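# Analysis of the macromolecular model
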Amino acid sequence: MKIAPVAMFALATGLMAAPLSAQNAPATEENTILTEGTLTAPPVAEKREHSYTHHGITISDPYHWLKDQSYPTIDDEDVLDYVKAENAWFEQNMAPRKAQIDTLFEELKGRVKEDDSSVPQKDGDYLYWTEVAEGKEYRLWYREPVAGGDKQLMLDENVLADGKDYFRLGAFSVSDSGRYLAYSYDDNGSERFTARIKDLETGDLLDDVIPETLSGLIWVKDDTGIVYGKANANWRTDNARLHMVGTPAEQDIELYKEADEGFRVGAGLSSQEDWLIIATGDNETSEVRIVPSNDPTGEQIVIKPRVKGVEYSVDIRDGKIYIHTNDDHVNFRLATASLETPGEWTTAIPGSDAFYLTDFDLFKDFYVTEGRLNGLDQVQMRSYEDPAAITPIAFPEASYSAGLSNNPEYDVSKLRLTYESMITPDSVYDYNIADAKLELLKQQEIPSGYDASLYTTQRVNVTARDGTQVPVSVVMRKDRPMGGPLHLYAYGAYGYAVPPGFSSTRLSLLDRGVAYAIAHIRGGDDLGRNWYLQGKLNERTNTFNDFVDVAKGLAKEGFTAEGKISASGGSAGGELMGVVLNTDPQLWSSVAAHVPFVDVLSTMLDESLPLTPGEWPEWGNPIESKQAFAYILSYSPYDQVSAQDYPPLLVTAGLNDPRVTYWEPAKWVAKLRDTKTDDNELLLKTNMGAGHGGKSGRFTALYETAEEFAFILSHHGIDE
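Residues numbered from 1 in each chain as written. Predicted model: local features only at pLDDT ≥ 70, side-chain atom pairs only at ≥ 80, totals over all residues. Heavy atoms only, no water.

### Considerations on the overall build of the chain
The criterion, for reference: Only DSSP runs of H or I covering at least 4 residues are called helices, and only runs of E covering at least 2 are called strands; the numbering of each starts at the N terminus. Put simply, the radius of gyration uses C-alpha atoms, and a globule should come to 2.2 Å times the residue count raised to 0.38. Between buried and exposed lies partly exposed: a residue is buried under 20% and exposed over 50% of the maximum accessible area for its type, with that area taken using a 1.4 Å probe on protein chains only. Pairs of residues are marked as contacts when any of their non-hydrogen atoms sit within 4.5 Å. Here, Shrake-Rupley sampling with a 1.4 Å probe gives the accessible areas, and only protein chains in the shown set may cover a residue. The charged-residue count follows a simple rule in which Lys and Arg add positive charge and Asp and Glu add negative charge, with His and chain termini not counted at all. Charge placement uses NZ in Lys and CZ in Arg. For Asp and Glu, CG and CD serve respectively.
Scanning the chain for helices and strands turns up 12 helices and 39 strands. Its C-alpha atoms give the chain a radius of gyration of 26 Å, near enough to 27 Å, the size a compact globule of 720 residues would have. Oriented by its inertia axes, the alpha-carbon framework of the chain measures out at about 75 × 60 × 55 Å. Taken across its 720 residues, the chain has 59% of its residues classed as buried. Counting only contacts in the chain whose residues sit at least 6 apart along the sequence, the fraction spanning at least 24 positions is 56%. As displayed, the chain offers around 27,900 Å² of accessible surface, 48% of which is attributable to carbon and sulfur atoms. Distance between charge centroids for the chain: 2 Å, based on 64 positive and 113 negative side chains.

Structure follows, in structure tokens:
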């Protein structure tokens, strides 16, 4: 639920014997699959009586059976038959669009530089970078000695992914000495990663195998040990463990175990790499402990015991602790403390109503703060000696996305930054500290050509129904007439701010006359921490109202018209799509909902699910609170489906998705098919070998995007 939206990929599924409603039932016009392999109608899921009662309220859930009771094993034939039948219906309905999909795919692929590389970055005695080769789906990881010498291929993801339907590299960590590489991978989308260790001097893969990790891999104890987190039975990382190189994983030492089932545990190193930092927390409360990295099993120091609602993170420089916290201001402050009294915090940078302090990084001679001012990214150089001495890094455009990038070393004379805008491709800069100048190192290349002068972008404010001004980033071609089709996107949860960044894929919509808008709605933290708080828990409906009001406002301002607006969102953004489909179906020409979190009430009532306990601070706990139960029920998309006309809808899911489980979109689509009063297109595509992020690989992912765009464009009446 905490993942940004994904695109879709055309899975080559075969037709199966019959959809679920046909099991043990006579063939009817609604449920028959023709013998020549053509469906006469969409699958109709069987209703099976099921209900549950909480707080005296009984909810009927006739599609509950779509949750395989042996989950996370999914082997119920009825469930699989229904999912496959929906995939067959998806393939059949997308087939007439094949020419346009192929055209779009070639466009998208033509904007990808097939043989590309990242900008090398120095870390110790080596320069490190990645490359992608022509025709390859995955990256190659290289390094070469700073002093000179041949480049070395450390890891080829294509080899690891060979023969697999899905592959994702997780952690990638080179030891301080440069001898060992620790990495992890997931080859089925379940987000249970297997960690391995490679000797970069010999090229040999060590016998060490650490299964079911879900974390980074942190080298400690003079490169003899790795600290990591193991996923428990419910995909929760509630621990920090130490693996000693050359020993069986069964002998790994548990450094910390979290008792609160809603908290997650993570680990990292301080800037000087002399302290191991173990952090635990949920979406609103945190607690941090530290221990020397050369003695990870030693006595741990708790910085400050957890206090509900107080978040903090730490780093350490020369024995002084730096703390980023919201303890006395919603927009966070930066404080310091000593190792002797780590819980006594002194303000270094006070909290501000105007400036939202989002992060900080410590370096030898200076430190850097990041944040947002009026919703725009800020990167500021700061002095240890004089807190009032601030050097902001200036960026060239009025609306943009910028921040620190890969800066692995502590003693530096340059900072690596990334920068982009709605019309400026992703750019990598070095900021030379001595002369305060930005040096462009690399800008994303568009092989098929890109002329920024053809496009225009602007940031507009739309007044929501409660009077709040909601910012919107809009990009379109300069020759596009006002009032034409527009695509609206948002996420609106977990304090994630959607940046006004560049997308080469988006050009395929823009060049066909579709404007693209990002609604910076409440639930994200685009305008500060309060912007996030105003879209969570009992104010969650602000998020949905903002999105609808932005759509109506853009129409009122002449950018588009009601009924000419397509929309998309994924995960929590998919929940957003589900709500606005129920409340304002007439607004949308079509909607794409990716891995949508739509069965909110049932999921928040099921504490056995991987993420549920940690999600209660975001959505509320309907088990304990009748008020939370009623409030979630009032907007939960699955529960609020009603007998009305709905616009064309494309829904995606991942069978192995541990975040938004496959049965949420499956149940939602089944209920929509049974309840809605229109004949508009309703498609469900479940990736059978993938998880929350959809298909892996850069080109297979592009094909998913081509399919989504073809669906959206066809319902805008654009078929070329």
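### A word on the packing of aromatic side chains
The cut-off we apply is this: Working definition: rings of Phe, Tyr and Trp (its six-membered ring) pair if their centres are within 6.5 Å, and the pair is stacked with planes under 30 degrees apart, edge-to-face with planes over 60 apart, and tilted otherwise. Counting as a charge over the ring demands two things of the Lys NZ or Arg CZ atom: a distance within 6 Å of the ring centre and an angle within 35 degrees of the ring normal.
One pass over the full model with this rule turns up 26 aromatic pairs. Taken together, a centroid distance of 5.6 Å and an interplanar angle of 20° make the contact between Phe 395 and Tyr 419 stacked. Linking Phe 395 in the loop between strand S27 (390-392) and strand S28 (401-404) with Tyr 419 in strand S29 (residues 414-420), this pair joins segments that are 24 residues apart in sequence. By relative accessible area, which is 14% here, Phe 395 ends up buried. We classify Tyr 419 as buried; its relative accessible area is 2%. Pairing Tyr 494 with Trp 619 gives two aromatic rings, centres 5.8 Å apart and planes at 85°, and the pair type is edge-to-face. Residue Tyr 494 is found in the loop between strand S34 (486-489) and helix H4 (507-510), and its partner Trp 619 is found in helix H9 (residues 612-619); the two are separated by 125 residues along the sequence. Just as Tyr 494 is buried, Trp 619 falls in that class too. Through a chain of ring-to-ring contacts, three or more aromatic side chains come together here, namely Phe 395, Tyr 400, Tyr 419 and Tyr 429. The side chain of Lys 151 reaches across the aromatic face of Tyr 142, ending 4.3 Å from its centre. The positively charged end of Lys 671 is found above the aromatic ring belonging to Tyr 638, 4.8 Å away from the centroid.

### Considering the pairing of strand S11 (residues 205-213)
It is a general feature of regular strands that their side chains alternate between the two faces of the sheet. The test is simple: In short, DSSP must find at least two bridges between two strands for them to pair.
With four bridges joining them, strand S10 (residues 193-199) and S11 adopt antiparallel strand pairing. Of the residues in S11, the one forming a bridge with Lys 198 is Leu 205. Joining the antiparallel neighbours S10 and S11 is a turn of five residues, in which Gly 203 adopts a positive phi near 85°.

### Here's the deal with the packing of helix H1 (residues 77-94) against helix H11 (residues 663-675)
To keep it simple, the criterion reads: Between N-to-C directions, angles cover 0 to 180 degrees, with each direction set by a line fitted to C-alpha atoms, over the stretch in contact for helices. Convention used here: angles under 35 degrees read as roughly parallel, angles over 145 as roughly antiparallel, angles from 65 to 115 as roughly perpendicular, and any remaining angle as oblique. Here is the rule for handedness: rotate from the far helix to the near one, and if that takes an anticlockwise turn smaller than a right angle the crossing is left-handed, while a clockwise turn gives right-handed. In this count, Pro and Cys sit with the nonpolar residues alongside Ala, Val, Leu, Ile, Met, Phe, Trp and Tyr, while Asp, Glu, Lys and Arg are called charged and the others, Gly among them, polar.
Contact geometry of H1 with H11 gives a least axis separation of 11 Å together with a crossing angle of 65°. Judged on the interaxial angle alone, H11 and H1 are roughly perpendicular. The chirality of how H1 crosses H11 is left-handed. Listed contacts from H11 to Tyr 82, Glu 86 and Trp 89 of H1 are Ala 666, Val 669, Ala 670 and Arg 673. Residue classes in the contact of H1 with H11 are distributed as five nonpolar, no polar and two charged.

### As for the nonpolar core
The condition is simple: Definition used in this section: a nonpolar core is a set of buried Ala, Val, Leu, Ile, Met, Phe, Trp, Tyr and Cys residues joined via side-chain atoms within 4.5 Å.
Counting 115 residues, the largest nonpolar core has Leu 488, Phe 547, Leu 554, Trp 588, Leu 649 and Trp 668 as the members making the most contacts within it. Setting aside its immediate chain neighbours within four residues, Trp 668 contacts Gly 578, Leu 581, Ala 593, Pro 596, Val 598, Pro 637, Tyr 638, Val 641, Leu 649 and Val 651. Judged by nonpolar contacts, the second largest core, of 17 residues, contains Phe 366, Val 368, Val 412 and Tyr 429.

### A few points about unusual backbone geometry
At the junction of Tyr 71 and Pro 72, the peptide bond is cis and its omega measures out at 15° in the coordinates. Along the chain, Pro 72 turns up in the loop between strand S2 (57-60) and H1. One non-glycine residue, Ala 436, adopts positive backbone phi at about 55°.

### As for the pattern of salt bridges
As a reminder, the rule being used: Whenever Lys or Arg places a side-chain nitrogen within 4 Å of a carboxyl oxygen from Asp or Glu, that contact is recorded as a salt bridge.
Counted by the stated rule, this structure contains 42 salt bridges. A salt bridge links Arg 673 to Glu 86; the shortest N-O distance between them is 2.7 Å. In this pair, Arg 673 sits in helix H11 while Glu 86 sits in helix H1, placing the two residues 587 residues apart along the sequence. The exposure class assigned to Arg 673 is buried, which follows from its relative accessible area of 19%. Residue Glu 86 is classed as buried on the basis of its relative accessible area, which comes to 0%. Glu 261 serves as the salt-bridge partner of Arg 236, at 3.9 Å between the closest nitrogen and oxygen. In this pair, Arg 236 is assigned in the loop between strand S13 (225-228) and strand S14 (239-244) and Glu 261 in the loop between strand S15 (253-257) and strand S16 (264-269), connecting sequence segments 25 residues apart. Looking at Arg 236, the relative accessible area reads 5%, which means it is buried. With relative accessibility at 38%, the residue Glu 261 sits in the partly exposed group. A network of salt bridges, in which partner residues are shared, links Glu 258, Glu 287, Arg 289 and Arg 306.

### Details of the sheet that holds strand S32 (residues 455-463)
Strand order in the open sheet formed by eight strands is S32-S33-S35-S34-S36-S37-S38-S39, with mixed pairing between adjacent strands. Pairing within the sheet leaves two strands with one partner each, and these edge strands are S32 and strand S39 (682-687). Geometrically, the sheet is characterised by an average inter-axis angle of 15° between neighbouring strands, direction not taken into account. One ladder, built from four bridges, connects strand S37 (residues 588-594) with strand S38 (residues 649-654); its direction is parallel. If you follow His 594 over to S38, its bridge partner there is Thr 652. Lying over the sheet, helix H7 (residues 572-583) contacts strand S36 (565-570), S37 and S38, oriented at roughly 140° with respect to S36. Packed on one face of the sheet, helix H12 (residues 698-715) meets S34, S36, S37, S38 and S39 and runs near 160° to S37.

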